[in-house]
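The primary structure of each chain is shown beneath.
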Amino acid sequence: MKRRWGQWEPIESLAESVRSKRISATSLIERSLKEIKTYQEYNAVILTLENRALAHAKQIDKFVNEGKNPGKLAGVPFIAKDNFLLTDSETTAASNILKGFIAPYQATAISRLEAEGAICVAKANLDAFAHGASTENSDFFVTKNPYDKTRVPGGSSGGSAAAVALGMVPFALGTDTGGSIRQPAAFCAAFGLKPTYGLVSRNGVVAMGSSLDCIGPITTSAKDAAVVLDVISGQDTLDSTTVKSDPKGYSDISALNLGGVKIGLVKEYLNQGVNNEITVALNSTVEHIRSRGAEMKEISLPSIDLALACYYIICPAEVSSNLSRYDGVRYGYFNADVKDLDSGYIRSRGIGFGKEAKRRIMIGTFVLSSGYYDAYYKKAMTVRTKLIEEFKAAFEQVDYLIGPVTPSLPFKIGEKSANPLDMYLADVMTVGANLVGIPAVSIPIAFSKDNLPIGLQVMARQRDDRNLLALSMAIEELINERD
Ligand code: GLN
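Residues numbered from 1 in each chain as written. Predicted model: local features only at pLDDT ≥ 70, side-chain atom pairs only at ≥ 80, totals over all residues. Heavy atoms only, no water.

*Asks:* Explain the site of the ligand here, please?
*Replies:* The environment of the ligand is formed by 15 residues, the closest being Thr177, Gly178, Ser180, Tyr311 and Arg360. Between the ligand and the protein, one listed contact pairs a nitrogen atom with a backbone N or O atom of alanine 130 at 2.9 Å. In this structure, a nitrogen atom belonging to the ligand sits 2.9 Å away from a side-chain N or O atom of aspartate 427. Judged by its atoms lying within 2 Å of the grid points, the ligand is housed in the largest cavity. Among the residues forming the shell around the ligand, the class breakdown is 5 nonpolar, 7 polar and 3 charged. (Near = heavy atom within 4 Å. Polar contact = N/O pair within 3.5 Å; in protein donor to acceptor, adjacent residues only side chain to side chain. 1 Å grid on protein atoms, 1.4 Å probe; cavity = no way out; pocket = protein on both sides within 12 Å on 5 of 7 lines; lining within 4 Å. Sits in = over half its atoms within 2 Å of the grid points. Nonpolar A, V, L, I, M, F, W, Y, C, P; charged D, E, K, R; others polar.)

Pasting the structure below:
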């Protein structure tokens, strides 16, 4: 499988080169800034942080010259989705209502990366507030797919995935509430990791659905994702839902020996009207894994067909609550052309929020309202519990679950934007992992005959992120051997 774009060295060797003075942090940042400029027309980036990044790089180079330890990720450039708060710079979540907002504090994930010497060079485009699967819901512009400019890069972390695919940076941060790391990674031939819920702190990340939101890396390999996860994961007093990292860490993983590994193929995912080229690529990868001694069998998750409906009740419910803080008074856009406070709220929210945010506020408010709570929200929560039980039962039979990431190849810009239900269907195979809180990855496995990327989804038990990454490495090796 050939990726089209220039690759960076593995993250660990980049940092080692900086520490050993083979290369300066400043030159890495300059290279990254140059790539960002070269591929500007793809609209992957909302804001470039040239001065901030170069100042940071200078400091790292000074540290190296003084013989101090500049950190595990010394000088490595990265891009953060624009829903991560970053001190001294604007955070918009690609929404007009947050234009001009300068955060007074910074996301824990960003601070942890910076403490190890990584350097944020830019903020990436996304569907506003991470609502979407194509970046077409960005209030600013649509990101183009690096493999076909007329198609979407996926979403909502479409800018992050496109930036990695275009070789702007070795890694980018994304968020995944219902698939927003895995689906764009699949559409851009990148590796995407949605970690176990709570493994990475959500502090300082613009909230979408708080019981579903996960933060993770988009990279060009499982190993690089493990290196980043090692730095950003772990408990944080500022997010009470965080859990401890694996005691062994993540960065020293090696490819899992496939002999005897038990992998389940999610039966229901194969009946979802999956594109034929995706099915063919999936089957051939499955056969390949089997040939290395893994035990593969079909596993049924009987209620998984309800996952999408369940997600599109629970997620908007949480969205409607999280978006209530944008009243125009405390921060963000305020329309002052009003007589009283109430009309101030109405006008500011009416003008500031885009169509999709409004749609989700309305659906969410509806399903939480007293007359409909039992019929919708409570039922969805019952289904969620049922899904947790079914996944638990599946993981008593196998160690991993495998399937497609999406039913379709990257679609044309505009193809689904007029029909929200059609767009929501793009998430049919990814929302399950968020509803049950398990880790899941998207691994690039093939290209279609029109050179469009195809990804493979692998899920594992909660807190089994380390093994999931080791298995991903083994699958990557198989794919590389094949090509
Ligand atoms: N596409 C899904 C949605 O629109 C997932 C979004 C996400 O994971 N942030 O809700």
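Following the structure, the description resumes.
*Asks:* What should I look at first to understand helix 5 (residues 158-165) in this one?
*Replies:* Of all the 8 residues making up helix 5, 8 are buried; the element is thus mostly covered by neighbouring parts of the structure. Burial in helix 5 covers these residues: Gly158, Gly159, Ser160, Ala161, Ala162, Ala163, Val164 and Ala165. Of the surrounding secondary structure, the elements contacted by the buried residues of helix 5 are strand 2 (77-81), strand 3 (119-124), strand 4 (171-176), helix 6 (182-187) and strand 6 (214-219). (Buried < 20%, exposed > 50% of the residue type's maximum accessible area, 1.4 Å probe, protein only. Helix = DSSP H or I, 4+ residues; strand = E, 2+ residues; numbered from the N terminus. Contact = heavy atoms within 4.5 Å.)

*Asks:* Explain the pairing of strand 11 (residues 453-460) to me, please; I cannot follow it from the model alone.
*Replies:* Two faces, one strand: in a regular strand the side chains alternate between the faces of the sheet. Burial of strand 11 is extensive: 8 of the 8 residues sit out of reach of the surface. Taking every second residue as pointing to the same face, both faces of strand 11 are buried, with Pro453, Gly455, Gln457 and Met459 on one and Ile454, Leu456, Val458 and Ala460 on the other. Pairing geometry for strand 10 (residues 440-447) and strand 11, over 7 bridges, is antiparallel. The residue bridging valine 441 from the neighbouring strand is valine 458, located in strand 11. The turn linking strand 10 back onto strand 11 is made up of 5 residues, and asparagine 451 within it adopts a positive phi angle of 65 degrees. (Pairing = 2+ DSSP bridges.)

*Asks:* Any chance you could explain the sheet that holds strand 3 here in plain terms?
*Replies:* Pairing between the strands of a sheet is mediated by backbone hydrogen bonds and can be parallel or antiparallel. Spatially, the 11 strands line up as an open sheet ordered 1-3-2-4-6-5-10-11-9-7-8, and their pairing is mixed. Each end of this open sheet is capped by a strand with a single partner; those strands are strand 1 (45-48) and strand 8 (295-299). This sheet shows a mean twist of 30 degrees between the axes of neighbouring strands, independent of strand direction. When strand 4 meets strand 6, the two strands line up antiparallel, connected through 5 bridges. Looking at the pairing, glycine 174 lines up with glycine 216 of strand 6. Sitting on the sheet, helix 2 (residues 25-38) touches strand 1, strand 2 and strand 3, and the angle it makes with strand 3 is about 15 degrees. (Axes fitted to C-alpha atoms, helices over the stretch in contact; angles between N-to-C directions.)

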